[in-house]
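Coordinate analysis (summary)
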Amino acid sequence: MKVLLIIADGLGDRPSTDLGGMTPLEAAIKPNIDYLARNGIIGLIDPISPGIIPGSDTSHLTYLGYDAYKYYTGRGPFEALGSGLKLEPGDIAFRANFATVDNNGIVRDRRAGRIRSGTDLLAKSLNMRIDDVDIFFKEGIEHRAALVLRGDGLSPEVSDNDPHEENVEVPNVIPLSKKGEKTARILNEFYNRSREILNAHEVNKEKRERSLPEANAILFRGGGIVPELPNFELKHGIKGGFIAAVSLVSGICRLAGMKNFTPPGVTGSTDTNVAAKLKAAVNGLKEVDFVLVNIKGTDIAGHDGNAIKKKEFIEKIDKAIGEILIGEKDSLVIAFTGDHSTPTSLKEHSSDPVPIFVHYKGSRRDGFENFNEMSARGGTLRLRGNDLMNLLLSSANLAEKFGA
Ligand code: ZN
Ligand code: ZN
């Protein structure tokens, strides 16, 4: 059997006053999810381990069988993955800001007035080559951006040029070890060249005319190396694919060598076409043995603090499962869970364990009517994230016996 893993991002929640004390999953009308859960096994999963608040990056790494404590190399590389830049193992990546720096090199605004427009044009002008090093720069939301260096002899062992405060001078980048010398030199050169380019840029000329803070400098911090993930197929002995609109998740899957089946037109928000994603997953499973589908809308509604929107989005997922998956239920292992909880009452990720069901032909039946955070407690499963691939592979009869 083949395996379909559906991750409704940030699925887990807490009771909401907007839903009469129920969680979004509990309140949602979701006959198809409830049917599969009732006829399969359910339980709770701690994405990393109990009490650890997961990021989407660390939990997806863990679910795919990678030790996040080993392969998560910091926010620089993973935010750069999330920016959509196509990274390669060994690249050095930083989190960056557009900032306003005066003629004396003093930081006046670390966020360039939380600049909202024109950052795409500014970012494009900052892709360059210095010596034998290629430099990629990509805008993010507001003043945020990602800076990536690709070349030989580079290292993340350098200081930040972001002073983390205002009204002080932008410091030079200093190597923190011998290994960091070349990287520090390239970064200082990049800073100087980017100052010239940004000062002369049309976007900033216009800001000058309107007396708005100029985005005339780049501050960067938190450098890390893009990890070399062991290949998914070599690791698990099966071919893997993925469907994800958010580039953080697709970036991780791509680093693992998984095949991209993401259909055009998916948005990574609550207006996404869930049915198109599931259809693409079923098609992808003709080619590979395992497909991960990330559906982001639940996390977005969680961060918005909107329990009703989260409930309605779960209902949308349920409808798509009914259309696309119920007919496939006897030929697939279908697993449904979240990568962490994003309680609408917190508007942030929490360490609350996440409900999960696994359904396949001939599986045990836990028999609970409504699949939710509370009923999951009474089910068969109690997992940590790094158990998940083992469970899915053994459910699909793809695992080997441990011992004789
Ligand atoms: Zn997430
Ligand atoms: Zn989130």
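1. Overview of the coordination of the zinc ion (ligand 2)
Protein ligation of the zinc ion (ligand 2) involves Asp299 (OD), Asp299 (OD), His303 (NE2) and His349 (NE2), the donor distances falling in the range 2.0 to 2.6 Å. Sequence spacing of the donor residues for the zinc ion (ligand 2), all on one chain, is D-x3-H-x45-H. Taken as a pair, the zinc ion (ligand 2) and the zinc ion (ligand 1) show a spacing of 4.6 Å. Here His349 lies in the loop between β12 (332-337) and β13 (354-359) and Asp299 lies in helix α12 (residues 297-304), a separation of 50 residues in the sequence. With respect to class, Asp299 is no different from His349; both count as buried.

2. Thoughts on the side chain of Lys310
The residue Lys310 is located in helix α13 (residues 307-324) in this model. Looking at Lys310, the relative accessible area reads 0%, which means it is buried. Polar side-chain contacts of Lys310 include one of 3.4 Å to the backbone oxygen of Leu11. In contact with Lys310, other than residues within four places in its own chain, are Gly10, Leu11, Gly12, Asp13, Pro24, Thr298, Ala301, Gly302, Thr342 and Thr344.

3. Some thoughts on the environment of Phe78
Within the element layout of this structure, Phe78 appears in helix α5 (residues 75-82). Considering only alpha carbons, one finds Phe78 and Gly251, 173 residues apart in sequence, at a separation of 8.3 Å. Contacts of Phe78, omitting those with residues within four sequence positions, involve Asp57, Leu61, Tyr71, Tyr72, Thr73, Pro227, Leu248 and Ile252.

4. Notes on the domain arrangement of the chain
In terms of domain boundaries, the chain breaks down into domain 1 (2-71 + 228-395) and domain 2 (78-225). Taken over C-alpha atoms, the centre of domain 1 sits 35 Å from the centre of domain 2. Facing the 10 residues of domain 1 at the interface are nine residues of domain 2. When the two sides are added together, the surface that domain 1 and domain 2 hide from each other amounts to roughly 750 Å², 71% of it contributed by carbon and sulfur.

5. Some thoughts on the environment of Arg221
On the secondary structure map, Arg221 appears in strand β8 (residues 217-225). Note on Arg221: relative accessible area 14%, which makes it buried. Sequence separation of Arg221 and Pro163 is 58 residues, and the distance between their C-alpha atoms is 9.0 Å. At 3.4 Å, the side chain of Arg221 and the side chain of Asn97 are in polar contact.

6. Observations concerning the pattern of salt bridges
A complete count under the given rule lists 32 salt bridges for this structure. Among the salt bridges present, the one from Asp132 reaches Lys182, with a minimum N-O distance of 2.9 Å. Of this pair, Asp132 sits in the loop between β5 (128-130) and β6 (133-139) while Lys182 sits in helix α7 (residues 181-199), and the two are 50 residues apart along the sequence. Residues Arg221 and Asp162 are paired through a salt bridge, measuring 3.8 Å at the closest nitrogen-oxygen approach. Of this pair, Arg221 sits in strand β8 while Asp162 sits in the loop between β7 (144-150) and α7, and the two are 59 residues apart along the sequence. Side by side, Arg221 and Asp162 carry an identical accessibility label, which is buried. Shared partners join several salt bridges into a network, and the residues in it are Asp9, Lys296 and Asp299.

7. So, the packing of helix α3 (residues 56-63) against helix α10 (residues 247-255)
Describing two packed helices takes the angle between their axes plus the distance from one axis to the other. In the contact formed by α3 and α10, the axes pass within 10 Å of each other and the chain directions differ by 35 degrees. In this structure, α3 meets α10 at a crossing whose hand is right-handed. Contact with α3, carried on its side by Ser56, Asp57, His60 and Leu61, involves Leu248, Val249 and Ile252 of α10 and no other residues of that element. Among the residues forming the contact of α3 with α10, the class breakdown is four nonpolar, two polar and one charged.

8. Remarks on the pairing of strand β1 (residues 2-8)
Of all the seven residues making up β1, six are buried; the element is thus mostly covered by neighbouring parts of the structure. Where β1 and strand β11 (residues 290-295) come together, six bridges link them in parallel fashion. Within β11, the position partnered with Ile6 by the bridge is Val293.

9. With respect to empty space enclosed by the protein
This structure, assessed with the given rule, holds one cavity of 30 Å³ or more. Quantified by volume, the largest cavity comes out at close to 40 Å³. In terms of lining residues, the largest cavity is bounded by Glu79, Arg95, Ala96, Asn97, Arg144, Ala145 and Arg221. Looking at the lining of the largest cavity, the elements that each hand over two or more residues are β3 (92-101) and β7. Of the residues forming the lining of the largest cavity, the biggest block, three residues, is contributed by β3. Tallied by class, residues from the lining of the largest cavity come to two nonpolar, one polar and four charged.

Definitions and cut-offs
- Residues numbered from 1 in each chain as written.
- Chains lettered and ligands numbered in written order.
- Predicted model: local features only at pLDDT ≥ 70, side-chain atom pairs only at ≥ 80, totals over all residues.
- Heavy atoms only, no water.
- Donors = N, O, S within 2.8 Å, 3.2 Å for Na, K, Ca; no water.
- Helix = DSSP H or I, 4+ residues; strand = E, 2+ residues; numbered from the N terminus.
- Buried < 20%, exposed > 50% of the residue type's maximum accessible area, 1.4 Å probe, protein only.
- Polar contact = N/O pair within 3.5 Å; in protein donor to acceptor, adjacent residues only side chain to side chain.
- Contact = heavy atoms within 4.5 Å.
- Domains from an automatic or database assignment.
- Buried area = accessible area lost by both parts, 1.4 Å probe.
- Salt bridge = Lys/Arg side-chain N within 4 Å of Asp/Glu carboxyl O.
- Axes fitted to C-alpha atoms, helices over the stretch in contact; angles between N-to-C directions.
- Left-handed = near helix turned anticlockwise from the far one by under 90°.
- Nonpolar A, V, L, I, M, F, W, Y, C, P; charged D, E, K, R; others polar.
- Pairing = 2+ DSSP bridges.
- 1 Å grid on protein atoms, 1.4 Å probe; cavity = no way out; pocket = protein on both sides within 12 Å on 5 of 7 lines; lining within 4 Å.
- Points joined across faces, edges and corners; volume = space filled by probe spheres on them.

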